[in-house]
Amino acid sequence: MRLTTRTNLAARTLMFCAVNDEQLVRTSDIADRCNASANHVARVVQQLQAEGYLETLRGRTGGIRLAKPANRISIGAVFRIFETEIPFAECFDEVRNTCPLASTCRLRSYVVRALEAFYHELDMVTLEDLVRGNCGLIDLLAMRPDLPGSCSVQSSSG
């Protein structure tokens, strides 16, 4: 199994916004720090905004931020948004399925159970779980590492 680039970018975008929760961020900042195309980030941001995860503010002083607290953002729910657009296997696509084994194959039911277990695990993970206390991530993504309470400040004073 492999996550799509858009799913990976959605997770990076949300983590970036969570780390920089006190300020508006720009898609170009996310693209730079997350080694991604600004165009791809913009498309992911648009979908996350449409689904209610991000708030966008237009204009010269605009940007994006989380639309709800990080502890209320389920990683499983976010992954489902981006992963369910592409069928896991041909037999999961009711329109384009040409597999001659589809009517008798038992593998599909096992794959369905495995996918349900995968999403069940991710449903228990929130965005806050990914960023809270993750000093390495905070040091990589923080736009203002000098903010009080940042890992850089804590590690140098402790």
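Please refer to the structure higher up on the page.
This section reports on the structure supplied with the text. (Residues numbered from 1 in each chain as written. Predicted model: local features only at pLDDT ≥ 70, side-chain atom pairs only at ≥ 80, totals over all residues. Heavy atoms only, no water.)

**Some thoughts on the nonpolar core**
In terms of nonpolar packing, the biggest core is built from 36 residues, with Leu14, Ile30, Leu48, Leu54, Leu66, Val78 and Leu127 touching the most fellow members. Elements with a contribution of two residues or more to this core: α1 (5-19), α2 (27-33), α3 (38-50), β2 (63-66), α4 (75-83), α5 (107-123), α6 (127-131) and α7 (135-141). By residue number, the principal contributor to this core is α1, which donates nine residues. When sequence neighbours within four positions are dropped, the list of residues in contact with Ile30 reads Thr13, Phe16, Cys17, Val25, Val41 and Ile64. (Core = buried A, V, L, I, M, F, W, Y, C linked by side-chain atoms within 4.5 Å. Buried < 20%, exposed > 50% of the residue type's maximum accessible area, 1.4 Å probe, protein only. Helix = DSSP H or I, 4+ residues; strand = E, 2+ residues; numbered from the N terminus. Contact = heavy atoms within 4.5 Å.)

**Observations concerning the packing of α4 against α5**
Relative orientation of the contacting elements α4 and α5 amounts to 135°, with a least axis distance of 6 Å. Looking at the two axes, α4 sits oblique to α5. Along the contact surface, α4 presents Ile75, Gly76, Ala77, Phe79, Arg80 and Glu83, while α5 presents Phe118, Tyr119, Leu122 and Asp123. Of the residues belonging to the contact of α4 with α5, the class tally is six nonpolar, one polar and three charged. (Axes fitted to C-alpha atoms, helices over the stretch in contact; angles between N-to-C directions. Parallel < 35°, antiparallel > 145°, perpendicular 65-115°, else oblique. Nonpolar A, V, L, I, M, F, W, Y, C, P; charged D, E, K, R; others polar.)

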